[in-house]
Each structure stands twice: as structure tokens, then as C-alpha cells.
Amino acid sequence: MKRSSIGFIVFLVVAVGAIYGLSRLTYRISQQESTPPPPSEAVETSLEHTGEHEHGPGCEHEHESEGGFMPTGSGNVKGSPEAKVKVVAILPPSECQAPTLRVLDEIAKAEPKRVRVEIYGMGSPKGMQLLQQYGATCASIFINGKKDFTLTSGGQTRRVICEKSPGMSYQSTDLIEIVHMELKRLYGKGFDEKTLKALREKGKQIVAGGHGTTELESPKAKVKVEVLTPSQQGSIYPLFAETIRVLERMKEKFGDDLSVEVYPVVTAEGQKRMRELNLNGPAVIINGKVVHEIPGPNKTKRKIVTAYSGGASTFSPKDVADVVLAYMQQAKK
């Protein structure tokens, strides 16, 4: 009887110890699960779930350097220090500024002896120093100390202020005209005719997203297409970019029978065509019109409007192709 009592006591002690150990283990596991992750891990997890990015929407995303001409802390400088025309750009490394940077690069390459181009990041010590020196508070481009100019083209005079993002108070291609004007003022001669023409054409290509016009023009064309493109930052730009790609493929097929010209609505050519056709925005002009009536199925007539009106019933690249094909068939009759 005595031995059985001792055995029972030993069993009881072991059981209590096991229960205590198990409870401690359970407590530790629950503590680990409830402990929040370190701040850095919490931020990463939050971003993964929300899909948000540090820079947010719009034009604040950093942009990879194109041609190594993006603004840097130490500055990016091209051209002779003796040049009388000096361009100083203080810009953020954002997508919105890419067309301006590329245009400045072309200007610097065109006139390295007479034009000096300096580009600094807004957040760099030099950039902040220059902004303070010029009394500016936002992205700015100064040509010989000024950023406010008056330009005249096509009989129209307008004020241009080279600040913020292109498309607001200035266009990237305006810089070509301003530098040309300053060269004439300080040297008595601007860009030579060939260089100016090449710069203007290159500027149009840059602003239009790389789509050129010269190679697609055809004076004897049976069908002439003019594409007035919106800003690359616009929500409808992909529609026009795809339309241009479709037209380029059609150009390969029809050759000189098809002429395609592309220019942004913000250029002098774009503004001129908008006034002539009483347009309010981007459009695809085909044989001088944006309203077309072409043959439809079962001997019906189909009406297609190739001007963007802001509504849901906008045209498609296929609509443009259908109109071009219809006019081609009419021209061959």
C-alpha cells in the first residue's frame, strides 16, 4: 500500500510538470504570432497589399536616363564655356521631363560652340542653389537668365514660360525656337536652315513619342492622313500611338499612295490645323476631314468620326484603317 502511494505521487509530479511545460510552450508560440513585424517589414507588407508606390501617381516617377542626359547631383553639362547662349535647366528626374531633356540634348549636339546646356537635379545642392539664385520654386529652364519669352509663329504670338512640366506653360519644342531667337540676337545668326529644319522635325518626333513624319509623307498620295496627337501623359495617348502603328503598317503596303503626317496638337502645325478644321482636341484627319461616310454591310452607309470628343464612343484604330481603305478604293475607281 505504501509503495503504491509513492508511485501515485511520482506519477502526479510528472504529470503536473508535463502540463506546465506544455502550457509554457503554448504561451511562447502565441507571443511570437502576436508580435508585430519590424517597421521595414510592415511597410513592405503594406505596399504589397495596397499596390501603392512611394512616388504615387502622375509625373513624379523617376525615369531611367535616355542618352545619359538626365539631371544629376553634379550636373550634366554640354557645350563650350565660351558660348553666348546658356541654357540652365533645373529639373526633377521624372517621366514628364523626358521630352524636354531629349530636346535639350539635340540642341546641345547641334550647336556645341555657340550653345551651352547645363542640367541639374532639383534636389541637388547645386539645383537648390540655382533655384534660390533665380528666385524660382519649381522645375525651371532659364535661357540666358530668363524663362519668360514671347514667340511668334504662323502669325500667332504667344507667351511662353519655361517652368513646371511641358504642356503647361511651355512645350518642349519651344526651346528650339527660343534658342534660335537668342542665337540671332547674340550672334546675328540663328541655327542654319538645315539644322533648324532637322531640329524641328526631331522635336516633333520626340514629343509625338518617336513617330516621325518625313519618311511617311508623299506629295502624290491618293489618301492623306494627318494625326494630331495628344500629350504623352494624356489618358488617350495609347489610342493615338496604336493608330499611328496601324498607319505605319498601311504605309508599307500602299507606299506613295498613302501619306501620313504626325504632329502634336501643341505644336504650331497642330494648332493651325485645329483652327482650320474647328477642332477642340486630338484627331486623325483623313483627306482633310474628320467626319467620314463609308460603305457599310448590306449596302448601308457607315459614319465614322475620327476626332476625339471625350465621350465613350470614340473611334478605334480599326475605324481609321477602314476609312483609309475606303478612300483608297474610291481613288482607284
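Residues numbered from 1 in each chain as written. Predicted model: local features only at pLDDT ≥ 70, side-chain atom pairs only at ≥ 80, totals over all residues. Heavy atoms only, no water.

A. Structural view of the overall build of the chain. Each helix and strand counted, the chain has nine helices and eleven strands in total. Looking at the 333 residues of the chain, the share that counts as buried comes to 41%. Once local pairs closer than 6 in sequence are excluded, the contacts in the chain between residues at least 24 apart make up 67%. In the form shown here, the chain has an accessible surface area of approximately 19400 Å², with 54% of it arising from carbon and sulfur atoms. (Helix = DSSP H or I, 4+ residues; strand = E, 2+ residues; numbered from the N terminus. Buried < 20%, exposed > 50% of the residue type's maximum accessible area, 1.4 Å probe, protein only. Contact = heavy atoms within 4.5 Å. Areas by Shrake-Rupley, 256 points an atom, 1.4 Å probe, with all protein chains shown as cover.)

B. Expanded view of helix 6 (residues 193-207). Here helix 6 spans 21 Å end to end across 15 residues, near enough to the 21 Å set by a 1.5 Å rise per residue. As for helix 6, its buried residues are in contact with helix 3 (98-110), helix 5 (174-187), strand 8 (258-264) and helix 8 (268-277). In this structure D192 caps helix 6, since a side-chain oxygen of it lies 3.1 Å from the backbone nitrogen of K194. (Expected span 1.5 Å × (residues − 1). Polar contact = N/O pair within 3.5 Å; in protein donor to acceptor, adjacent residues only side chain to side chain.)

C. Layout of helix 4 (residues 125-134). Taken together, the buried positions of helix 4 are occupied by G127, L130 and L131. One side of helix 4 holds all its buried residues, which, seen down the axis, span an arc of 100 degrees. In helix 4, those exposed residues whose orientation departs by more than 90 degrees from the buried face are P125, Q132 and Q133. Structurally, helix 4 contributes buried residues whose contacts are with strand 2 (85-91), strand 3 (115-121) and strand 4 (140-143). Just beyond helix 4, the residue with positive phi is G135, at close to 75 degrees. (Arc of directions from axis to C-beta.)

D. Layout of the packing of aromatic side chains. Evaluated as defined, the whole model comprises two aromatic pairs. For the ring pair Y134 and F142, a centre distance of 3.9 Å and an interplane angle of 15 degrees mean the geometry is stacked. A relative accessible area of 27% places Y134 in the partly exposed class. F142 sits in the buried class, given a relative accessible area of 3%. Ring geometry for F240 against F315: centres 5.7 Å apart, planes inclined by 90 degrees, an arrangement best described as edge-to-face. With F240 in helix 7 (residues 237-254) and F315 in the loop between strand 11 (301-305) and helix 9 (317-332), this residue pair connects regions lying 75 residues apart in the sequence. Both residues of the pair, F240 and F315, count as buried. Over the ring of Y187 we find K84, and its NZ or CZ is 5.0 Å from the ring centre. (Phe/Tyr/Trp six-rings, centres within 6.5 Å; stacked < 30°, edge-to-face > 60°. Lys NZ or Arg CZ within 6 Å of the ring centre and 35° of its normal.)

E. Inspection of the confidence of the model for the chain at higher detail. Of the residues in the chain, 72% reach a pLDDT of 70 or more, and the chain-wide mean stands at 79. Predicted confidence for residues 29-58 stays below pLDDT 50, and this span has six contacts to residues more than four positions away or in other chains. This model gives residues 211-215 a pLDDT under 50, and the stretch forms 17 contacts once residues within four places in sequence are excluded. (pLDDT = per-residue confidence, 0-100.)

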